[in-house]
Amino acid sequence: MSAMRLHGREILWIRGQVSNGMFSRGLLSGLSPFGSVPEVEGVLYVVGDVHGRLDLLEDLMGRLLRDAVRLAPELDAKPQLAFVGDVIDRGPDSRGVVEFLSALSEWPEFETIFVTGNHERMLLSFLQEPSKGRRWLRYGGYETLLSYGLKRLGDIDDPADMQVLADQLRAVMGPHVDFLDAMVPCHRAGNVLVTHAGADPDMPADAQSPRTLAWGCDSFLKKRRSDGVWVVYGHTIVDTPTMRRGRIAIDTGAYTSGRLTALRIHGGTVSFVTATGEQREGDDD
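Residues numbered from 1 in each chain as written. Predicted model: local features only at pLDDT ≥ 70, side-chain atom pairs only at ≥ 80, totals over all residues. Heavy atoms only, no water.

(A) Up close: the packing of helix 5 (residues 134-147) against helix 6 (residues 159-173). With their axes 14 Å apart at the nearest point, helix 5 and helix 6 run at an angle of 40° to one another. Judged by the inter-axis angle, helix 5 sits oblique to helix 6. As for how helix 5 packs across helix 6, the hand of that crossing is left-handed. Contact residues: helix 5 offers Arg 134, Trp 136, Leu 137 and Leu 145, while helix 6 offers Met 162, Leu 165 and Leu 169. (Axes fitted to C-alpha atoms, helices over the stretch in contact; angles between N-to-C directions. Helix = DSSP H or I, 4+ residues; strand = E, 2+ residues; numbered from the N terminus. Parallel < 35°, antiparallel > 145°, perpendicular 65-115°, else oblique. Left-handed = near helix turned anticlockwise from the far one by under 90°. Contact = heavy atoms within 4.5 Å.)

(B) The arrangement of the packing of helix 4 (residues 118-128) against helix 6 in detail. Taken N-terminus to C-terminus, the directions of helix 4 and helix 6 make an angle of 120°; their axes are 8 Å apart at the nearest point. Relative to helix 6, the crossing made by helix 4 is left-handed. Here Leu 123, Phe 126, Leu 127 and Gln 128 of helix 4 lie close against helix 6, whose contacting residues are Met 162, Leu 165, Ala 166, Leu 169, Arg 170 and Met 173. Across the contact of helix 4 with helix 6, the residue classes break down as 8 nonpolar, 1 polar and 1 charged. (Nonpolar A, V, L, I, M, F, W, Y, C, P; charged D, E, K, R; others polar.)

(C) Inspection of the nonpolar core at higher detail. Among the nonpolar cores identified, the biggest contains 51 residues, and Leu 57, Met 61, Leu 64, Phe 83, Leu 101 and Leu 180 are the most heavily contacted of them. Per-element tally for this core: the top contributor is helix 2 (residues 54-71), with 10 residues. Grouped together as the second largest cluster of nonpolar side chains are 19 residues, Val 84, Ile 113, Ala 189 and Ile 248 included. (Core = buried A, V, L, I, M, F, W, Y, C linked by side-chain atoms within 4.5 Å. Buried < 20%, exposed > 50% of the residue type's maximum accessible area, 1.4 Å probe, protein only.)

Here it is as structure tokens:
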């Protein structure tokens, strides 16, 4: 029996006896017309929009860790573990989530990749131009401020007050700002492109604009790609993870639904696992 501490908790497992029942096989809807299956070297895990739900993240990471340990004997390299962005805002503990994710690089079981979402971009824009931060505050930024101990907003229409707030947030976040700023626009593994909000189907996978990757484009959900690349994305909430016409949607609305989903691609198969917890009220992006 082995043990590992997961964000202050001890996770126990018996090597070689970890059940794989936590994962459910994905349905390849629209596969034949699309003409390819998602394939990567080794194993790729992708986690959907966390949105400040540290409780769900801890649960989900415990499950992924156990699965990675089970698969380790048959792998030549570490599994890749990617996050689709929007790890902050809306939920109650953005600070705890960023702290947790910042420490993941020390875990020997995974190669970690952090894709930036529109919420990370809004926070960083607020720090650079505080007078333009009203939209971020409206769509979940206030919850992030609270998680960092900032409870007094001042006048959000007063540029001076917003500048003070931005300076306070930057100071209390410290290295967390650098962590968010270092996130990448997307991640490519095999014929899979991990993004936050999708990709322009009329542009090559390696020629997408950062704005499109973070905010999406109108044609993404309407037109399938012709290059055989599968796009994994969050941003758009779905009741259950879906696979269709080259798209894999994994944002199950963690901050409000109490369900945080991850996918696993391994050996030409796709499967999903979802951590569940308390439901909360929330608004759309």
